[in-house]
Every structure is written in structure tokens, then in C-alpha cells.
Amino acid sequence: MAKQKAPSASLPSRQKLATGITLLLAGLLIFALFVVNSQPGQQATFGMNLGETAFQIPDLVLPVQPALYALVLISVFFGAWQLARGGLRSAGWAAAIASFCFVAAFLIWAAQDGSFNLVGMLNGTVGRAIPIALAALCGVISERAAVINIAIEGIMLMAALTSVVSATLTGSLLVGLIVALLTGALIAAFHAVLVIRFKVDQIVSGVAINIFGTGMTSFISSRYLESNIDLLNNSGTLKVIPIPVLSQIPILGPILFEHTFIVYMTFILVALLHVLLFYTPWGLRTRAVGEHPKAADTLGINVFLTRYVNVIIGGMIAGLGGAYFTIGSVGRFDQNMTAGKGFIGLAAMIFGKWSPIGAFLSSLLFGFADSLQVKMQILRVPIPSEFLAMAPYIVTMIVLTGVVGRAIPPAADGAVYEKQ
Amino acid sequence: MAAKKSAKKPGVTPRAAGSDATVAAKAPSAAAESRGGGSFWANNLLMPALAVFTGLVVGGVIIALANDTAIAAWGNFFRNPFFAVKASWDAVIQAYGALFAGALGKPADVIAGIQLYYSTGDATAFYRAIYPFTESLVLSTPYIFTGLSVAVGFRCGLFNIGAEGQFFMGALGAAFVGYSVVGLPAYIHLPLALIAGALAGAIWGAIPGFLKARFGAHEVVNTIMMNWIAFRLSDWLLNGPMKSGGFRPVTPNVEVTAEIPRFFPDPLRFNWGFVLALLAAVFVYWLLFKTTVGFEVRAVGANPDAAKYSGMSVLRNFVLVMTISGALAGLAGAVQVLGVDHWVGQGFSAGYGFDSIALALLGKSHPFGVVLAALLFGILRGGATSMQSLARIPIHIISVIQGMVIIFVAAPAIIRWIYRLRIGEADRTVLTRGWGK
Amino acid sequence: MTTVLELRGITKAFPGVLANDHIDLTLEQGEIHALLGENGAGKTTLMNILYGLYKPDDGEILIQGKKVEIHTPNDAIAHGIGMVHQHFMLVPVMTVTENVMLGNEPTRSGMFLDKATVAARVRELSEQYGLEVNPDSYVQDLSVGIQQRVEIIKVLYRSADILILDEPTAVLTPQEVEGLFRILKTLIEKGKSIIFITHKLKEVMEVADRITVLRGGRTVGTVSPKKVDTAKLASMMVGRDVNLVVRKKPAQPKKIALAVQDLYVRDERGHLAVNGISFDVRKGEILGIAGVQGNGQTELVYALTGLLPIEQGQIHLVGRTIRRLAPRNVMELGMAHVPEDRQRHGLILTFPVQDNLVLCNYYLSPFAKGITLQQGAIVDNGRKLIKEFDIRTPTAAVNVSTLSGGNQQKVIVAREFSRPIEVLIASQPTRGLDVGSIEYIHNRLIQKRDEGTAILVVSSELDEILALSDRIAVMYRGRIMEILEASKADKEYLGLLMAGIEASKAVKAGPKKKEPGEVERVF
């Protein structure tokens, strides 16, 4: 019998094929959807300024059709390269190129014969990413200690309500912030007691808290808030604080450094959690508890205490996220105003591979999808706004398929730890 | 893969792995316990009942706190402590009194109604007397379907939080067939509309099921995303393609031939949908416990690894169960639109998703348990409206109570601790399995 | 010699069982003290008490003659006790350094982990005791033998004087066992004292200074290896005289039932785990697959049973190719599988015994008509098999979780043997079982062979392979090193193959002559 050639030890060639075809498909879609539906000679204008900066950047004016053709060429080129040589090592890069080309083409097409403030949209992206990022950070911090927390949605709702009410009553937004943190800590502690002390299924407990949170906030809202808006539900919002010097940087300044206190807190939290998690004893112990609680236990680490602490800190972060909805943006509470952001945050956490920085970057992705759909409604794109509004949810589902890089959760995630 | 990994390491204790002496010695007592009638009833009837009771107590506390008179009385606690307690107690009694009276009606009125009917042939008084109770049954009907939907998922280790979206899609599907198809006889039109509803729900459930089976994407997040997509889609449909001629974003009324027949004249809305729901429960019971399909579903739910090793297809069962689950939730929507409302508007399905989880947990994922739980919830909801109007307690208190009930059902340890009960713990049912594979 | 540790009257009860019943034990400075007993004799419970993982109901612990209280592992560590657990307590995704420092982390600027210092200490310890461990490797990339050394370094890093090793040889090749014993000798030379927990008689005789035998939670006695033989130890351990040999007739191989040609299989992470394997199994013979765990045996079995796709190559089952067949199709062709992890893969613990007995054929007549289950037939089948296979259970309707490990394994064996099968794959068929159950399962396997079934036994217990097999294939890194007749195989030579040393390079220890049909029993 003739001996066949042994298969190569690297990843199957199927992946090469799939990514290559995806890229080609992106090129084809850009052509079919956008090039075909545009006229020659049109121009798209992208605003690059928002407010005052050190100097103003001229608007970016692109001829629509040539720009679209360029994008088609880019994706087709990479697709062909991938099919022929497998030039792109990871599927992630291929997906990134394909989606960048597609989104850019969509923007250019949408802005044809019109003007579109790109920097404004990116500023909006950051703003919209913040509650998602805070939810994701809450997820990271508790799941690294192996406690799944899907109660984030409920925590954010409760914190949103308590913060605006306390801020309105005291007239102090700072009090509102502190109350939001306390609310988050309290509800997270409740979740922790249920799953650690009473060994309730972690997802069931999370769902119960979400139901309770939705019910309780709606109850309070319709019993008290709706009839006493000025007395209880009108706090005003946190001021936008431009960071001196930094906010003067063109493009980056308005995108990153003209926000409210909560946004800057989020930036700091991302960096802080990254350092804490990977460079300190607390982080080492947390990760050990999440991966192999029994090993941690045999080395004298208190598994339960670690989990309580992490879940409660996570709750405070989610509480901050809740405050963002009310005192951070609109200054009043509406029923179910979190609209699934807590769950999207969990998807961001998974996509970010349970790391603070990854979670933040993927939150930006969701924030972008959200911000994009809002801008598109203004641009009178001939697509029903309801379909654009589905974008963040659809992106979440695509991300969860793990087609773009599968992440492995902490090994003990979701498992009850039984101390003997 | 990660789930496997985790199960291997911390899960199996060295003793459980193979110490003969331990397990052998434990066997008789454990067997006696699981066989023993007392423990069975305690775990499946007493504990849920206590969970509901405790949930109502917590709700009562909140009602008392929300009562202005009671709060004012507590302000004067030191001058008149008795009055503070009494005022709170009165507030709770008034609220729950309104709740149950609004849900069940008054038996005396029913008897009087029957007597009146026999003496004069006039049934109006009778109808008025049974109105509250039949209305509770009307409200129970979609609960039975959605509760079954979630329960079927639990039996296969899947957590369907998407009943709300599936319900909505089912309602829209049924409504579409109901109003757009004209001229069919009822015996064809009605089943067709029901099937359309079930199908729409099934598709909405099958998508997360497929994503779970194929990619290991967690169904909890995905079913929630499908909910939001359903809401946005319905916004578009109700404002566009499916909008009736009028001003409001609602569908046209369904044709009379697509309506589920009612038992009594208007305004009583009690209809054959309730019977359909009971039949669905019997069907699910048969499917789960008397067929090879159910055997596989339960095997996959209890231990997907062992099911796979013994030749069952875990992935196929995931898709199948999510399809059945979605179809049941879709039927809930279909029955609601065809039997009760006859048209669909925005927020049509609000709350059913979360309620159905409470139902399935309370009913211990058993079809008949779900029916009992659904009747209870129907009564709570039925009375909530009159509680709102009579006692000024917002309907949302029911969600608060439900949240607490779920917690108490899922954490029997709390109930045992509160009531100092000594009941052996039942076999822990695995409900969920962390993220993805 | 001074006594460093003394346990007096240690008693511990779990619900329904007395795991430790007034156990006494003394450990002298610089000795290796073996704790010998069957699975479930209470060895691990005793050591977990000593390490502060369980709280004893009664009894006291003395260290250096002083009474101490040990409530947590921290207390144990503070008293100089270190434990190398049977299932390694290592975090696979972390480096050796991180694993060693976990729970006892030096810091820089009072906040940041000081990995450099710990890495240096690991190198130092590694050199001092001849352990050869690289502090920067990730644990998941290390072989089992090296992982065990990391565990030892963890203990030494915490300056333990008393080391407890729980079944340390269970996962090692014979050569790695030799290496471990050398390390243990070095440790006692440098003044450490060691408690060595095992159920393997020969190791005890080789390495221990004193032996304490436990049975059913009680101390049977403490003896010196110089004054006893393995037969005496075995009867102390089991409580009756044990037949140390498996009697079996020479195999009567008939035609080929399972043929594997040039097989390649990828594991779930996409790495090639089976790397070009060819062999065949005839009806009426047992082929043993030996090898250290994790050398592709699991993936081989998965490919044979349809649980993993075949990357390349051919599998013929009674003349039919199985490629892209689902597990059920393979099963229907006559494949039976006793999986290595019986509780996770073989049984549905929350299902009754009778349902577990039809787990593979519930959908076939007489257990089903169309899609309706025939409860009567399932109950009858349950009763019949419980009797035939001597499964100890109150009724067929109790959950299988309430059965002992041995009886759970019998449920699987009964289920697989009662179907019409051509080929049987048994993975680690007796892991963690008591002697009685091991005897039973082994006899059943040989009986099935004699009935003309082709049998593949996969085991990391070399003794088991030698006891059961007619031919032996040794797997190393996804390849078969050599297939040899069982009568010509001996432990040393197989050990070299298991370590990946090829036959030509191996110094072939002259194959010992053995009486056919008499093979030493496994412990």
C-alpha cells in the first residue's frame, strides 16, 4: 500500500479557505450593495473636528466611487492572497480587514452627497461603549474568580435608579455616584451569597436578580417617580470635563478627552484592573481561584473570600455603569433604560477573552455599532432605522459564535466550589 | 472544551471517584430517601409552596412600605406603636384581598348566578360572577405554554430566556395568517394560523439552538439578543408592512375564521386556548417521559458527555429542543392573539420571558408542575389589575414577587433555613453549564 | 531517630461511613513511611486531615512531640507539612514560578509580584534536589513526571520537613517511578521525612522503611518491608488471601475484526494526537495498548468509536470502513466502548439503573415501538442484567449515582456486553476499583474474549496490561512504538518503549520465560 503523505501539524487548510472566501465576499458585497447604488462624481464629506482644538483639521472629502473601488480592491487583494498563500496568520486579521472595508464602504456610501461628522461619531462611540465596558469589566472581575454574573443588567438598572433619586434628593451628583456604587455592591453581594453560600445555580440567580431588578425599578418608577419628577427624578447630569492640553489634540482630543467623570473613571479602571490582575498577588490569587480553586485552597488561599470580594468589586463597577445611564447622560430614570447593555457587556467580556483591555476594546466595537445606527438615522439612509438598531445585537451574536477567535473561559467558571 | 476541563478537575472528589466503602454504605439511606414518599412530596410540593408563600411575604413587606398611611403611622411609632403595625397589616390585607378577590371572584355570587339562571333563564349574573376566575384562566393560558417552553429547555440543559421574543414572533405570525388569508373555512384557517405562530416561534428558538450546537455560543445571551431583534423587527412590522389602516401601530384584526372559539359570550374571553394549553402539557409530558425522543433529551440534559458516548447526537438534540421550546412559546403568542386580543400591538409579549423562567423553576420543569404554577401566576396577574386600581399598588410588584420566588425555589437551603425544616436535598438538577463548550 | 509526627486515634465519619476509625501513626525523622491500602481504605482522608482539609471528629496530632491544631492548609504549612496531591494542584495556564509562589507571594514596592526572586529560588531548589525544572515553563506544556516535580518544589519552597505524597506513581512510567524514588532518597538524605501513600505492593517493598496498612478505615498494623512478603501484605490489605494470578487459557485468535491503517487524528485543539498508527485486533484475542496517559490513546479510542473525526487513514470494523460515521452508526456495526471516566462518560448518574442499562439501545426493539418507550421491557431487561452481572442495587429503579464505583462499572459492562458486539474497547477498565471488582471485571473480559470477541484494552497500569493482554502495543506521542507478544514482554522493556526509547536503541533486557497462563495480578 502506498503510504500517504502525513497531514501537516499546523491548523487545517479549511480555515485558510474560509477566511479567503470571506474577504472575497466582502469585496463582492461592497460592489453589489454600494458601488452599484452610487453615481459617479459624487463626493462624501467627513467632518474631522468637534469643538475647539489646538488647530482645526480640514474635512476629509472623498470621491465616492473611486474610494469604494479602492476598498473592493483591498478586500479582493487580501482574499486572493489568503487563498493562494495563506498570508494572514490568524482568522482575526482577516475578519478585521473584511469588516473594516465593509464598514468604511458603508460609511462612504451613506455619506454620499452629504456631510458626516466622523469625529463626532467616534466620540459617540466612546460614550456608548462606556456602560458596555463597565458591564464587561464587572464580568471580567467576577468571572476571573469563576463566578458568572449575568445579574449585571439588573444591577445597572437598580443603580441607575438609586443614583438619580439620591442625587435629586440631595442635590449632589457625587452622592448619586456613591449611592450607585453602594447599590451595585449590595446587589452583587446578594448574588454572591446566593451562589457561594447557598450554591444556587449562578445563571438562575442572575436571572432572578434581573427579574427582581426590572420589577423593583418599574414598581418604584410607576409608584413614585412618574408623579414626582422634579422632586425625585431630575438630577441634572455630570459635566463634560475637557482634560487640559490633551483635549486640544486634533481628532484624538475630542474623541477621548472631552467626556464626563465616569468615562475617565472607566479608562482608569481598565488600566488599573489590568495591572492588578496580572502583576499583583491579588490578581494571581484571583486567577488561580478561577482556574483551579482546589489548588488555591490547598495553598491556603480563601476561595470563598476571594470570590465574595471580586463579585462585590464587580458589582460596584456595574453600579458605576448604572449611574452612567442616569446622572452620566440624561439625568432621569426611565423604565428598562439599560436595554440589554448588561448582556452585551457579557458578550464584550467573552470577545475580549476575559481580559480588561480586551473587554474594553470589544466594548468600543459594540459602541461603534450603536453609535453608527444613531448617525445613520440622521443621514436618511434608505434602510429602516429599526434594522440599523438591530446592529449591536447581531454583532453580539456573531461575536459569540467565536468565528473570530475562540476564547477559553477560566476553567472553573460557573462551577460551585465545595469545600470538603 | 473548557467545561470538560473544569468538570474534570475540581468536580470529582477523590471519594466519589471510587471508594466502595463510602458509597455502598451510603446507598441504602440515599435510596430510602429518594424512594420515600415524604421526601418526594416535601421537595416537589411543600418547598415550592413555601417559596411562593415567602415571596408573597416579601411582596407584603414592600406593599406595606409603599403605603402612605402605613409609613405615616410608622413615623408616629413611639406615640402609637399599635397603629403602625395595624396600618401596615391593613395595607397588606387590602392589597392581597383585592388581588385574590379580583382573581377568583366570589363563590356566593356564582351560586346566586346559577340559581338565577335556573329560576329565570337569565345567565348574565352567572357570567358576571365567574368573570374574574375565567379571566385568571385566560391569563394562565399563555403562561402554561411559555412555562412548558422553558421547562423543555431545562430538561435538555438549555436555558431559554428568549420566550418573550419567540412569543412575539408567534403572535405576529399567527396574526399575519389570521388577517391576510381570507375566505378559508375556520377548520382550516385556525389551525393554519396556529401553525404559523408555532413556526415563527420555532425559527426564533432554533437560531440560538443552532448557534449553540454548531459554535457553542451560549444560549442565554443569544436568546436575549434574539428578543431585542424581535422587538426591533416588530417595531418595523407594526409601523410598516403589518400596520392596520388606523393611527396606532397595531395589526388589523384577524378574520373571524381564525379566532379561537370562546366558551361564553362577551365580555368573557375564556376560550378553547386553555384546553389547547392543557393538551400541550400532556403532549410534553408524553414526549419527555414516554418516548425515545424524550429519553434522549433528558439524557443529554443530565449528562451530555455520556449521551454522546452512548451514541446520541447532542447537537441535534440542542437544535430540536430549542425548536420545540420556541414553537411552544410561539403557540403562546398565537393563542393569545387568536383567542383573546385578535390583534397585536407593541409590547404585546412584555414580561412573558422572565415569568416563564419562574414558572418552569416553580414547576420543577415538570409539565404538570408547570400547569399548577401557571394557574397560580394567572391568578396573581388576574388580581394585580384590581390591586392596582383598588390599592394603588403598581402591577410590577408581581415581578418583584416572582424574582423572590425564583430565588427561593432555586435555593431550597434558604427555605429550609427560614422554616427550620429537615428535608433531605433532592438530586440537584443541572440547569446550566457555564459559557459555551 | 526522633519522632517528627504522631497521629493518635484519628477518627472521621462521613454521612453513612466511618472513613477513619481511631488511626494511629508515627513518622520518624528521615524515614519513608508507606501508607498502604485499597481504594476507600481511608488513606487519603487521613492525609487530608493532617493537611487541614478535613476536620477530624476525634484524635490528636503531635509534631515534634507537641500537640498541634491543624484547621487549614495554612496551619499545616506553618508546621512544616507539605502535600503532593494525587490529582496535581497546579494551574495549567500559569508558569512554574507562578504556581510555586501562589499563596506565598513576595512583592516589590509592596504591591507587584516579584517573580524573579521566586524563579531564582526554584532554580536553586531544582539544582539542590536534582529536579531539573525550568521555572519559566507553562505547567500545561510539561509532562506528568515534571509536573510532579513542580509539586515537590512547591512543598520545598514552603520549607516543609514532612512531605506527604498521595499515590505519586499512579501516572508515571516505570522509569519515571525510578526517578521519583531517587528524588525521595535525596530528600530523606537531606533530613526530610516522607509519608508515601499507595496501593501498589511492589513499590512499597522497594522504597519504604516502614509500612502501615489500612483497611476499612482502621489500622491493620505497621511492619517492616524486610519482614514481610507481597502475599502477606496483600492479605493484610484486602483482609483475605488473594489469588495473585489471573488464570487464562492461551488465546485462540480468529479472523481480523478491527483493522487500523495509517491513522491520523486531531484532538479538540487541532493538534495531531494520533500520528500514523496501524494495527489490527482478531476475534478471540486481547490487544493491550500501554502507554503513559496523554500519548494519544484517548484520541485513538475516540476515532475508533466515532467520537472524533479521522484526519487521514482507514479503520475497518468487521470489513466495513468507518469514516465519517456517527458514534451510533459505529455502535450498530458492533462496537462496544467502556469509557475511561465512567461517571462522566459512561453513566447518567441521575437516571435509574434500568435506564442506564439501555442507554445505547433504548430506541430499538423490544425497548421501543416507534418512538414510544416500552417501560415493561426496560424493567425486565434491568432485572435480568442485575442478576446476571451481580450488580448490587436495591432495585432497578434507583438512581445509578447511589451505587458504589465497582457496581457502577458493572452497569456499564452489563450494558455493553449484553448487546450483540464484535469489538470491545475497554479504557482503564478497573481504575479506582476495589480488588473484588477488579477480579470480576478481569474475569469477564477474558470470558468475553473466549466467546470470540475482539478486545482492545487501554490502560496506563502496566500490570493490568500484562495480566490481560495477548499482544501489547505501546503508544508514545501518537505513534505505536512496537507491538509485541505478551509472553515475550517484560516491564523494563515496556517501560523504555513507554518513554519513547526505540527498540534498536534500548538495551534489551533478556525476555524472561513465563509459564503461559500465569500472570501476576494487578494491585
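The structure presented is a predicted model; accordingly, all values stated were derived computationally and were not measured.

Draft legend 1. Spotlight on the overall build of chain A. The helix and strand inventory of chain A stands at 17 helices and 5 strands. In terms of C-alpha radius of gyration, chain A reaches 24 Å, essentially the compact-globule figure of 22 Å for 420 residues. Each of the 420 residues in chain A was classed as buried or not, and the buried ones make up 55%. Within chain A, contacts between residues separated by at least 24 positions form 79% of all contacts whose residues are at least 6 apart in sequence.

Draft legend 2. Quick look at the overall build of chain C. Secondary structure summary: chain C contains 17 helices and 26 strands in total. Compactness check: chain C gives a C-alpha radius of gyration of 25 Å against a globular reference of 24 Å for 523 residues, within 12% of the reference. Taken along its principal axes, the extent of the C-alpha atoms in chain C is 70 × 55 × 50 Å. The 523 residues of chain C split such that 52% are buried. Long-range contacts, defined as pairs at least 24 residues apart, comprise 67% of the intrachain contacts of chain C with a sequence gap of at least 6.

Draft legend 3. Examining the sheet that holds strand S5 (residues 66-68) of chain C more closely. Residue and element names in this part refer to chain C. The strand order across the open sheet built from 4 strands is S2-S1-S4-S5, with neighbouring strands paired in antiparallel fashion. If you trace the sheet from one side to the other, it starts and ends with strand S2 (17-28) and S5, each paired once. Here the strands of the sheet are splayed against their neighbours by 25° on average, with no regard to which way each runs. The pairing of strand S4 (residues 58-63) with S5 spans 3 bridges and is antiparallel. What sits directly across from Leu62, in S5, is Lys67. Docked against the sheet, helix H1 (residues 43-50) engages strand S1 (3-14), S2 and S4, running at close to 115° with respect to S1.

Draft legend 4. How the structure looks around the sheet that holds strand S19 (residues 335-338) of chain C. Residue and element names in this part refer to chain C. Judged by pairing direction, the sheet is mixed, and its 6 strands sit side by side in the order S19-S22-S23-S16-S24-S25 without closing on themselves. Each edge of the open sheet carries a strand with a single partner, namely S19 and strand S25 (479-485). The sheet shows a mean angle of 15° between the axes of neighbouring strands, direction not considered. When strand S16 (residues 286-290) meets strand S24 (residues 471-476), the two strands line up parallel, connected through 4 bridges.

Draft legend 5. Focus on the environment of Gly294(C). When you line up the elements, Gly294(C) lands in the loop between S16 and helix H9 (297-305). Separated by 123 residues in sequence, Gly294(C) and Phe417(C) have C-alpha atoms that sit 27 Å apart.

Draft legend 6. Up close: the interface of chain B and chain A. Each partner contributes to the interface: chain B provides 47 residues, whereas chain A provides 49 residues. For the side of chain B that touches chain A, the secondary-structure elements that each account for two or more residues are helix H1 (2-11), helix H10 (186-215), helix H11 (219-239), helix H16 (352-362), helix H18 (397-410) and helix H19 (412-419) of chain B. It is H11(B) that provides the largest number of residues to the side of chain B that touches chain A, a total of 11 residues. The residue makeup of the side of chain B that touches chain A, split by class, is 31 nonpolar, 12 polar and 4 charged.

Draft legend 7. Fine view of the interface of chain C and chain A. Contacts between the two partners involve 28 residues from chain C and, on the opposite side, 24 residues from chain A. For the side of chain C that touches chain A, a count of residues per class yields 15 nonpolar, 9 polar and 4 charged.

Draft legend 8. Structural view of the pairing of strand S14 (residues 256-266) of chain C. Residue and element names in this part refer to chain C. Sheet topology note: the S14/strand S15 (residues 272-282) ladder contains 8 bridges and is antiparallel. Directly across from Leu258, in S15, lies its bridge partner Val281. Two successive antiparallel strands, S14 and S15, enclose a turn made up of 5 residues, where Gly270 displays a positive phi of approximately 95°. Pairing analysis gives 6 bridges linking S14 to strand S17 (residues 310-317), with the strands arranged antiparallel.

Draft legend 9. Summary view of the nonpolar core. If you look at the biggest cluster of nonpolar residues, it comprises 439 residues, and the most contacted ones within it are Leu137(A), Leu338(B), Ile406(B), Leu50(C) and Val474(C). Ranked by residues supplied to this core, first place goes to helix H4 (residues 118-143) of chain A with 16 residues.

Draft legend 10. Geometry of the packing of helix H15 (residues 356-378) of chain A against helix H17 (residues 391-400) of chain A. Residues and elements named next belong to chain A. The contact between H15 and H17 brings their axes to 8 Å, and the two run at 150°. Here H15 is positioned roughly antiparallel relative to H17, judged by the angle of their axes. H15 and H17 meet at a crossing whose hand is right-handed. Here H15 contributes Leu365, Phe366, Ala369, Asp370, Leu372 and Gln373 to the contact with H17, which in turn contributes Ala391, Pro392 and Val395. Residues of the contact of H15 with H17, tallied by class, amount to 7 nonpolar, 1 polar and 1 charged.

Draft legend 11. Inspection of H15(A) at higher detail. Its 23 residues give H15(A) an end-to-end C-alpha distance of 33 Å, which sits within 8% of 33 Å, the value for a rise of 1.5 Å per residue. Most of H15(A) sits inside the fold, with 17 of its 23 residues counted as buried.

Draft legend 12. The arrangement of unusual backbone geometry in detail. Along the chain, Asp266(B) connects to Pro267(B) via a cis peptide bond; the corresponding omega equals 0°. Mapped onto the elements of the fold, Pro267(B) is located in the loop between H11 and helix H12 (273-290). Positive phi, normally seen in glycine, also occurs at Arg477(C), with a value near 45°. Within the secondary structure, Arg477(C) sits in the loop between S24 and S25.

Draft legend 13. Region of interest: the environment of His22(C). Residue and element names in this part refer to chain C. Among the secondary structure elements, His22 is positioned in strand S2. The sequence separation of His22 and Gln447 amounts to 425 residues, and the corresponding C-alpha distance is 42 Å. Excluding residues that lie within four positions of it along the chain, His22 makes contacts with Gly9 and Thr11.

Draft legend 14. Just the packing of helix H7 (residues 202-225) of chain A against H18(B), in detail. Running from amino to carboxyl end, H7(A) crosses H18(B) at an angle of 160°, the nearest separation of the two axes being 7 Å. Classified by the angle between their axes, H7(A) and H18(B) sit roughly antiparallel to one another. Where H7(A) crosses over H18(B), the handedness of that crossing is left-handed. Touching Val204(A), Ser205(A), Val207(A), Ala208(A), Ile211(A), Phe212(A), Thr214(A), Gly215(A), Met216(A), Ser218(A) and Phe219(A) of H7(A) are Ile397(B), Ser399(B), Val400(B), Gln402(B), Gly403(B), Met404(B), Ile406(B), Ile407(B) and Ala410(B), all from H18(B). Its residues assigned to classes, the contact of H7(A) with H18(B) comprises 13 nonpolar, 7 polar and no charged.

Draft legend 15. Quick look at the confidence of the model for chain C. All names here are of chain C. Summarising the model, chain C shows a mean pLDDT of 87, and 95% of its residues fall at 70 or more. Taken as a whole, residues 507-523 scores under 50 in pLDDT and shows 37 contacts with residues more than four places along the chain or in a different chain. Confidence estimates for the predicted assembly give a pTM of 0.83 and an ipTM of 0.83.

Draft legend 16. Local environment of the environment of Asp235(B). Along the chain, Asp235(B) turns up in helix H11. Sequence separation between Asp235(B) and Pro249(B) is 14 residues; the distance between their C-alpha atoms is 8.1 Å.

Draft legend 17. Spatial organisation of helix H10 (residues 261-279) of chain A. Residue and element names in this part refer to chain A. When the terminal C-alpha atoms of H10 are compared, their 26 Å separation across 19 residues agrees well with the 27 Å that a helix rising 1.5 Å per residue should span. Taken residue by residue, H10 has Ile262, Val263, Met265, Thr266, Val270 and Leu273 as its buried positions. Seen along its axis, H10 keeps its buried residues to an arc of 145°; they face one direction. Turned more than 90 degrees away from the buried face of H10, the exposed residues are Ile268 and Ala271. Against the buried residues of H10 lie H4, strand S5 (258-259), helix H13 (303-330) and H15.

What counts and what doesn't
- Residues numbered from 1 in each chain as written.
- Chains lettered and ligands numbered in written order.
- Predicted model: local features only at pLDDT ≥ 70, side-chain atom pairs only at ≥ 80, totals over all residues.
- Helix = DSSP H or I, 4+ residues; strand = E, 2+ residues; numbered from the N terminus.
- Rg over C-alpha atoms; globule rule 2.2 N^0.38 Å.
- Buried ≥ 20, exposed ≤ 12 C-beta atoms within 10 Å, placed from the backbone.
- Contact = placed C-beta atoms within 7 Å.
- Pairing = 2+ DSSP bridges.
- Axes fitted to C-alpha atoms, helices over the stretch in contact; angles between N-to-C directions.
- Nonpolar A, V, L, I, M, F, W, Y, C, P; charged D, E, K, R; others polar.
- Core = buried A, V, L, I, M, F, W, Y, C linked by C-beta atoms within 7 Å.
- Parallel < 35°, antiparallel > 145°, perpendicular 65-115°, else oblique.
- Left-handed = near helix turned anticlockwise from the far one by under 90°.
- Expected span 1.5 Å × (residues − 1).
- pLDDT = per-residue confidence, 0-100.
- Arc of directions from axis to C-beta.

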